Amino acid sequence: VQLQASGGGLVQPGGSLRLSCAASGSIIGINDMGWYRQAPGKQRELVARITSVPSTNYADSVKGRFTISRDNTKKTVYLQMNSLKPEDTAVYYCNANIWATSSSYQNYWGQGTLVTVSS
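Residues numbered from 1 in each chain as written. Predicted model: local features only at pLDDT ≥ 70, side-chain atom pairs only at ≥ 80, totals over all residues. Heavy atoms only, no water.

(A) Fine view of the state of the cysteines. As enumerated under the stated definition, the model contains one disulfide in all. Two residues share a disulfide in this structure: cysteine 21 and cysteine 94, whose sulfurs sit 2.0 Å from each other. In this structure the cystine formed by cysteine 21 and cysteine 94 twists about its S-S bond by roughly 50°; its chirality is therefore right-handed. Highlighted residues: cysteine 21 in strand β3 (residues 17-24) and cysteine 94 in strand β9 (residues 90-100), separated in sequence by 73 residues. (Disulfide = S-S within 2.5 Å. Helix = DSSP H or I, 4+ residues; strand = E, 2+ residues; numbered from the N terminus.)

(B) Summary view of the environment of leucine 3. Note on placement: leucine 3 falls in strand β1 (residues 2-6). Here the alpha-carbon distance between leucine 3 and leucine 114, two residues 111 residues apart in the chain, equals 15 Å. Beyond its immediate sequence surroundings of up to four residues, leucine 3 is in contact with Cys21, Ala22, Ala23, Cys94, Asn95, Ala96, Ile98, Tyr108, Trp109, Gly110 and Gln111. (Contact = heavy atoms within 4.5 Å.)

(C) View of the pattern of salt bridges. A complete count under the given rule lists five salt bridges for this structure. The salt bridge partner of aspartate 60 is lysine 63, with a shortest N-O separation of 3.1 Å. Both residues of the pair, aspartate 60 and lysine 63, count as exposed. Connected through shared salt-bridge partners, Arg37, Glu45, Arg65 and Asp88 make up one network. (Salt bridge = Lys/Arg side-chain N within 4 Å of Asp/Glu carboxyl O. Buried < 20%, exposed > 50% of the residue type's maximum accessible area, 1.4 Å probe, protein only.)

(D) Looking closely at the sheet that holds strand β7 (residues 66-71). Reading across from one edge, β1-β3-β8-β7 is the order of the four strands in this open sheet, with antiparallel pairing throughout. Both edges of this open sheet fall to β1 and β7, since each of them pairs with a single strand only. Averaged over neighbouring strand pairs, the angle between their axes works out to 15° when direction is ignored. Looking at chain direction, β3 and strand β8 (residues 76-81) are connected through six bridges and run antiparallel. Bridge pairing links serine 20 to tyrosine 78 in β8. (Pairing = 2+ DSSP bridges. Axes fitted to C-alpha atoms, helices over the stretch in contact; angles between N-to-C directions.)

(E) Spatial organisation of the pairing of strand β5 (residues 45-50). Alignment of strand β4 (residues 27-38) against β5, held across five bridges, turns out to be antiparallel. Looking at the pairing, arginine 37 lines up with glutamate 45 of β5. Joining the antiparallel neighbours β4 and β5 is a turn of six residues, in which glycine 41 adopts a positive phi near 75°. Bridge count between β5 and strand β6 (residues 56-58): three bridges; the pairing is antiparallel. Paired with arginine 49 across the bridge in β6 is asparagine 57. Between β5 and β6, which pair antiparallel in sequence order, lie five residues.

Below, the structure is given as structure tokens:
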């Protein structure tokens, strides 16, 4: 099982980016999926999470600016980021609880994608 994240880059303050993370491999089911971020010198923190229902939860710092969504047919989770601020600069990681062949649900991390907000 792999999680492949994409969509990071350099954007000016106030701009937008859309991150994507696709799961691949011998997958039977995907439960909740989410995005975390880690800024230089800081701990990794939750940005947003979406369950299979789906229901969502967000970090207070991104509420009203970021939107998480998922496409179950594509096994993909998205993070639409609007009104970006310099403090959103971080490496963003996707995460998912996945039921793969011959196993119960396990937690997987994707590789990070760097988001830089700067003028």
